[in-house]
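Notes for the structure review
Spelled out, the chains give:
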Amino acid sequence: MPKKSIRIALQEAVVLEMRRDPNVIVIGEDVAGGAGCSGDRGTYGGAMGVTKGLIEEFGDERVIDTPITESALVGMAAGAAATGLRPIAELMFVDFMGVCFDQVLNQAAKFRYMFGGKATTPLVVRTMMGAGFRAAAQHSQMLYNLFTAVPGVKCVIPSNAYDAKGLLIQAIRDDDVVIFFNHKAIYDFEDEVPDEAYTIPFGEANIVREGEDVTIVAFSRMVHTANDAAKSLEKDGISVELIDPRTSSPLDEESIIESVENTGRLVIVDEGTPRCGLAGDVAGMVAEKAFHALKAPIIQVTAPHTPVPFSPVLEDAYIPSAAKVEEAVRKVMTMSRDAVSAS
Amino acid sequence: MALDKEALLAVYRTMQTIRVFEDRVHVENTTGDIPGFVHLYAGEEAIATGVCCNLTDADAIGSTHRGHGHCIAKGCDVKAMMKELFGKKEGLCGGKGGSMHIADMERGMLGANAIVGGSPPLAIGAALSHKTRGTDGVAVSFSGDGASNQGTCFESLNMAVVLKLPCIFVFENNGFGEGTGADYHVGSGDIGGRAAAFGMPMTKVDGVDFFAVQEAAAEAIGRARRGEGPSAIEADVVRFYGHYEGDPQGYRKKGEGDEMRATRDCLKNFRDKTLGDGTLTATELDAIDAEIAQLIDEAVVEARAAEFPSVNDLLTDVYISY
Amino acid sequence: MADSIAAITVPQWGLSMTEGQVIEWLKDVGETIEVGEEIVLLETSKIAGPVEAQVGGTLLRRIAAVDEVLPVGGLLGVVSAEEVSDSDIDAFVASFNENFVVVAAEQEEESAEPLFVEVSERSIAYTKEEPADGAGDATPLLLLHGFGGDTNAWMFNMGALAQDRPVYAIDFPGHGRSSKDVGDYGLAELRDAAFGFLDAQGITKAHLVGHSMGGAVALEMAASQPARVASLGLIAPAGFGQPVNGDYIEGFIAAERRKEMKTVLAQLFADPALVSRDMVNGVLRYKRIDGVAGILRQIGDDLLAGPRADGDSGLKPIAVIWGAADRVIAPPDSSDPSFTLISDAGHMPHMEKASEVNRILSGLFRNADAG
């Protein structure tokens, strides 16, 4: 099967769905690019080139460049979604949600419930997150935890190209508001991706590797970091079960609990900040629902509680590394309930 | 385009329905049986009616926290609205929205909106939807003078011009953003001028003159339907009641609301004009008044008698609950 | 170095297999091994299965230890028909390992992707295994997989059956990597597609082996153009008079999630532990593709519509193989000499008891070729 990058997988998803359904449109800043310029139209194609070339096939009526006004762009997409279109609103960086949060939080997310189930809002906001590009505090945050906290929003966090395509097609066909988070550092990661359209249901975790000693739950780019750690730990006979939840809302609690019931140990790896984050959310859920199975405390490996720094030395230290994950796993392997109460 | 007699009677029925609905809610609210916040539209009927009488169910409107009038003018069921205000299961939103979030997608009513400046982005979205789908439908954004200062509003005005959207921005300047005067909070004092500065045609009208509103709206909507892009209307109007029900209105000179009711009443203006030029008769209008009085009476009686939602409804209409 | 020394290597079971882990040695050093005998049990991410001897002789040495993970083509052990010295064995192993990396890389390069051929404007994916030496002109074999399956179903059979003849396995239209735009769809269309494939390969006559739904297709082929069928191997066939378990078909069509799918697939095997994470993921990946749900519905309805042929089709030569613990299509009560009931196997005897099935089928083909 052909290997494709996340970038290509995402583009295939958008193109296939735009061909399939004339109501699917792309709205965003520079999704085509070049409007009102002296050079070529359509060469920009979004911050990561995902929508590059689409304007040639679908025209500027369906690949819509907007001014750099995120409230109007996301709000417009919400309004269009409530009135018959299936917009994919491209928000270059999730950090920009700061200027348009209301359009998701108070508008799009609320329609279905607030209007008594009589409205559907098939809106996808596709955005980019994550550190690693030396882009510093305003272009590197994760923020998926903020949206996971909002009822009425589904949060999709693909870690590989196969999932990216299937989850994006699912998102476009979904009748609820979906925020689709791509980590900027893994756009070129390749995987076997079918040429056809396919969907992956939300709330179905991927068991990346099976193991018996420790469960690791990791999100987005951290799935790869955790997998590196697991490979290294395997050499020392420590068997890791790695779970990629794929979506943080809905969350596949069942798969996580089942795994912890088998291993009795849990490490959560989350590039977000530590307070009120996904790691804490999963830890709380497991502590409540699988306490009986835990042989040791849950360890959370997260970024520190600081803005994302600029200097490479600082940023590298900020992002959870495979070494840190390994350390956490080795630590959790040495801990037990007795040791905790004794210490 | 002059309205025929039948259309005029329909317009009067709409305005009178809004007025009686709001006056009655003002009274019912004092009983404590209407939960939450209520913002009344009384005094501003000519705007919602003058705009919406040019629209069909296929056209969309975005509204404000003061949205009852827009709902009624857009054809929402009055009894279901009253039930929604009382928080009942048979309310327009199943008792989950309330006064500030009444919506009826089938009527193109995208919802009252409790975020000031909430409606312009949604309205341009509905306009984009019409444009993309190739219909001749339009969208109207209703905003107050307060919302006219929000960034969402400016962004939407610009977007509508950039994308040449079939959208009409109607600014209802009732002189107050909550408890602060428009003379203070609108820096330039010229809301319509701001819209014009974004590059769209703009008209200022007297918001208590139904005929002026209707004429300006018909022109703007016609332009949008023909694919000629967005327009703006600024309508100066009066707010009979406070910002919200229970508002002590200390920021307002005593009796101002009543004074406005006596001097700037759009319904009285409409009656005087249509009776004066002989197009309508007092008998016809009185008959409508009686009909509306009974309708609102029934609406209140039925709303009070209606069932509340079941507690099980708490977890419906959302994709997942934890 | 003695020429009679031969390597037992890690086979490639299915296109995606890259390595295998040694679970258990089934033969001791010094034991005599017949061709086709099971020597060592391997586990891949997809499934566990036995490695069968391709050459006979005495097991001289176990190179791979239990739990060791080896790449496809890696050296498991050494056999020889003659007595050889330890130094000869050492030299053989050293030479094998020296050359191994290159061989493995080439192998992967050649076999990682399926082949495709156009049949009636649809793309049919297939794999082909050529016999080792001199049997390229023998009547070829075509393998026809079951409902919702693909060529991977034959991972334990292709190598063994290709000792004597070229072996082809296709993904039916609507399955595996073949086209999913199949239009109206049933066993008749699958039959035509299989003939179309043979035409495209220039094959006039072939041995047919069909499993389950593929068995029904093979029966249809034999009924419509008997002259093109050299022999018929039917493994737990549909269309043979035995009803198909509707719960299985409906469950397979309905399952969208890992857990549901695992429960459904467990019905295929006598030992449900054979259902691995990769097997479940592979089936889900297929089922998620646009159009597949409709395809499965159509063919599922056709399969459930009832028996198409009665049990004795009158076709000879024929071998009918059934797992005694088959929960999808229960085995018939038959004493016909062409019928073999395999104990400790479910609906997938060609996977669960591959060597036995391979032995029966090889015998069938040899007899048919001779007769």
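All values reported here derive from a predicted model rather than from experimental measurement. (Residues numbered from 1 in each chain as written. Chains lettered and ligands numbered in written order. Predicted model: local features only at pLDDT ≥ 70, side-chain atom pairs only at ≥ 80, totals over all residues. Heavy atoms only, no water.)

With respect to the overall build of chain B
Scanning chain B from N- to C-terminus turns up twelve helices and seven strands. By the compact-globule yardstick of 20 Å for 322 residues, chain B fits well, its C-alpha radius of gyration being 19 Å. In terms of overall dimensions, chain B has C-alpha extents of about 60 × 50 × 40 Å along its principal axes. Taking all 322 residues of chain B together, 56% fall into the buried category. Expressed as a percentage of contacts within chain B between residues at least 6 apart in sequence, the contacts between residues at least 24 apart total 72%. Split by element, the accessible area of chain B, about 12,400 Å² in all, is 53% carbon and sulfur. In chain B, the 30 positive side-chain charges and the 47 negative ones have mean positions that sit 2 Å from each other. (Helix = DSSP H or I, 4+ residues; strand = E, 2+ residues; numbered from the N terminus. Rg over C-alpha atoms; globule rule 2.2 N^0.38 Å. Buried < 20%, exposed > 50% of the residue type's maximum accessible area, 1.4 Å probe, protein only. Contact = heavy atoms within 4.5 Å. Areas by Shrake-Rupley, 256 points an atom, 1.4 Å probe, with all protein chains shown as cover. Lys, Arg positive; Asp, Glu negative; His and termini not counted. Charge placed at Lys NZ, Arg CZ, Asp CG, Glu CD.)

A short note on the packing of aromatic side chains
All names here are of chain A. This structure, assessed with the given rule, holds 20 aromatic pairs over all chains. Considering the side-chain rings of Phe-101 and Phe-147, the 5.2 Å spacing of their centres and the 80° angle between planes classify their relative orientation as edge-to-face. Here Phe-101, found in helix H4 (residues 101-108), pairs with Phe-147, found in helix H6 (residues 144-148); they are 46 residues apart in sequence, far enough to count as distant. With a centroid separation of 4.7 Å and 10° between ring planes, the pair formed by Tyr-162 and Tyr-198 is classed as stacked. Residue Tyr-162 is found in helix H7 (residues 161-173), and its partner Tyr-198 is found in the loop between strand E8 (190-192) and strand E9 (206-209); the two are separated by 36 residues along the sequence. Owing to a relative accessible area of 0%, Tyr-198 belongs among the buried residues under this scheme. Taken together, Phe-101, Tyr-144, Phe-147, Phe-181 and Phe-219 form an aromatic cluster joined through their ring pairs. (Phe/Tyr/Trp six-rings, centres within 6.5 Å; stacked < 30°, edge-to-face > 60°.)

Regarding the pattern of salt bridges
All names here are of chain A. Enumeration according to the criterion identifies 68 salt bridges over all chains in this entry. When the shortest N-O distance is used, the salt bridge between Asp-316 and Arg-134 registers 2.8 Å. Here Asp-316, found in helix H11 (residues 312-318), pairs with Arg-134, found in the loop between strand E5 (124-129) and H6; they are 182 residues apart in sequence, far enough to count as distant. The closest approach of N and O atoms between Asp-236 and Arg-330, which form a salt bridge, is 2.8 Å. On the criterion of sequence distance, the pair formed by Asp-236 in the loop between helix H8 (222-235) and strand E11 (240-244) and Arg-330 in helix H12 (residues 322-334) is long-range, its members being 94 residues apart. You can call Arg-330 partly exposed: its relative accessible area is 31%. (Salt bridge = Lys/Arg side-chain N within 4 Å of Asp/Glu carboxyl O.)

With respect to the domain arrangement of chain C
A common measure of how large an interface is: the accessible area buried when the components associate. Residue and element names in this part refer to chain C. In terms of domains, chain C is made up of domain 1 (5-111) and domain 2 (115-370). If you average the C-alpha positions of domain 1 and of domain 2, the two centres end up 28 Å apart. In this assembly, 13 residues from domain 1 lie in contact with 17 residues from domain 2. Roughly 1,400 Å² of surface becomes buried between domain 1 and domain 2 when both sides are summed, with 56% attributable to carbon and sulfur atoms. At the junction of domain 1 with domain 2, the criterion picks out zero salt bridges. (Domains from an automatic or database assignment. Buried area = accessible area lost by both parts, 1.4 Å probe.)

Comments concerning the interface of chain A and chain B
Contacts between the two partners involve 45 residues from chain A and, on the opposite side, 39 residues from chain B. Here chain A packs against chain B, burying approximately 3,200 Å² in sum over the two surfaces, 66% of which is carbon and sulfur. Applying the counting rule to chain A against chain B returns one salt bridge. Its salt-bridge partner being Lys-131 of chain B, residue Glu-61 of chain A comes within 3.9 Å of it at the nearest N-O pair. Here chain A is connected to chain B by eleven residue pairs in polar contact (both at pLDDT 80 or more). When residues of the side of chain A that touches chain B are traced back to their parent elements, those giving at least two are strand E2 (24-28), strand E3 (63-65), helix H3 (70-82), H4, helix H5 (111-114), strand E6 (153-156) and strand E12 (247-249) of chain A. If you tally residues by element for the side of chain A that touches chain B, the top one is H3 of chain A, at ten residues. Here the side of chain A that touches chain B is composed, by residue class, of 19 nonpolar, 16 polar and ten charged. (Polar contact = N/O pair within 3.5 Å; in protein donor to acceptor, adjacent residues only side chain to side chain. Nonpolar A, V, L, I, M, F, W, Y, C, P; charged D, E, K, R; others polar.)

Points about the sheet that holds strand E5 (residues 48-52) of chain C
Residue and element names in this part refer to chain C. Sheet architecture is open: four strands sit in the order E5-E4-E2-E7, paired in antiparallel fashion. Edge positions in the open sheet fall to E5 and strand E7 (69-71), since each of these has one partner strand only. Sheet twist, expressed as the average angle between the axes of neighbouring strands with direction ignored, equals 45°. Pairing of strand E2 (residues 19-25) with E7, which is carried by three bridges, proceeds in the antiparallel orientation. The residue bridging Gly-20 from the neighbouring strand is Leu-70, located in E7. (Pairing = 2+ DSSP bridges. Axes fitted to C-alpha atoms, helices over the stretch in contact; angles between N-to-C directions.)

Remarks on the interface of chain C and chain A
Taken together, the 15 residues of chain C in the interface contact 27 residues of chain A. Together chain C and chain A conceal approximately 1,700 Å² of surface at their shared face, both sides included; 34% is due to carbon and sulfur atoms. Summed over the three residues of chain C that lose the most area to chain A, namely Arg-258, Arg-277 and Arg-288 of chain C, the buried surface amounts to 39% of that side. One can count seven salt bridges joining chain C with chain A. Between Arg-173 of chain A and Asp-290 of chain C there is a salt bridge, with its nearest N and O atoms 2.6 Å apart. Summed over the shared surface of chain C and chain A, the number is 14 residue pairs in polar contact (both at pLDDT 80 or more). Contributions of two or more residues to the side of chain C that touches chain A are made by helix H6 (258-266) and helix H7 (277-287) of chain C. When residues of the side of chain C that touches chain A are assigned to their parent elements, the largest contribution, four residues, is made by H7 of chain C.

Brief notes about unusual backbone geometry
In this structure, Pro-250 of chain A follows Ser-249 of chain A across a cis peptide bond, with omega equal to 0°. Secondary-structure assignment places Pro-250 of chain A in the loop between E12 and helix H9 (253-263). Its identity is not glycine, yet Asp-317 of chain B carries a phi of approximately 65°, on the positive side. Take Asp-317 of chain B: it is sitting in the segment after helix H12 (282-305). Exposure remark for Asp-317 of chain B: the relative accessible area of 24% places this residue in the partly exposed category. At Ser-212 of chain C, a residue that is not glycine, the phi angle is positive and equals roughly 55°. Following the sequence through the fold, Ser-212 of chain C ends up in the loop between strand E13 (206-211) and helix H4 (213-224).

Let's talk about the packing of H6 of chain C against H7 of chain C
Residues and elements named next belong to chain C. Packing of H6 against H7 leaves a shortest axis separation of 9 Å and a crossing angle of 110°. As judged from the angle between their axes, H6 and H7 are roughly perpendicular. Contacts between H6 and H7 involve Arg-258, Met-261, Lys-262 and Leu-265 on the former and, on the latter, Met-279, Val-280, Asn-281, Val-283, Leu-284 and Lys-287. Partitioning the contact of H6 with H7 into residue classes produces six nonpolar, one polar and three charged. (Parallel < 35°, antiparallel > 145°, perpendicular 65-115°, else oblique.)

Quick word on empty space enclosed by the protein
All names here are of chain A. Inspection of every chain in the model, using the stated rule, returns three cavities of 30 Å³ or more. Here the largest cavity is characterised by a volume of approximately 100 Å³. Taken together, Glu-29, Val-31, Gly-46, Ala-47, Met-48, Glu-90, Leu-91, Met-92, Arg-126, Thr-127, Met-128 and Tyr-187 make up the full set of residues lining the largest cavity. Of all elements in the fold, only strand E4 (86-91) and E5 reach the threshold of two or more residues within the lining of the largest cavity. For the lining of the largest cavity, the element with the highest residue contribution is E5, accounting for three residues. If you add up the space inside the second largest cavity, you get close to 50 Å³. (1 Å grid on protein atoms, 1.4 Å probe; cavity = no way out; pocket = protein on both sides within 12 Å on 5 of 7 lines; lining within 4 Å. Points joined across faces, edges and corners; volume = space filled by probe spheres on them.)

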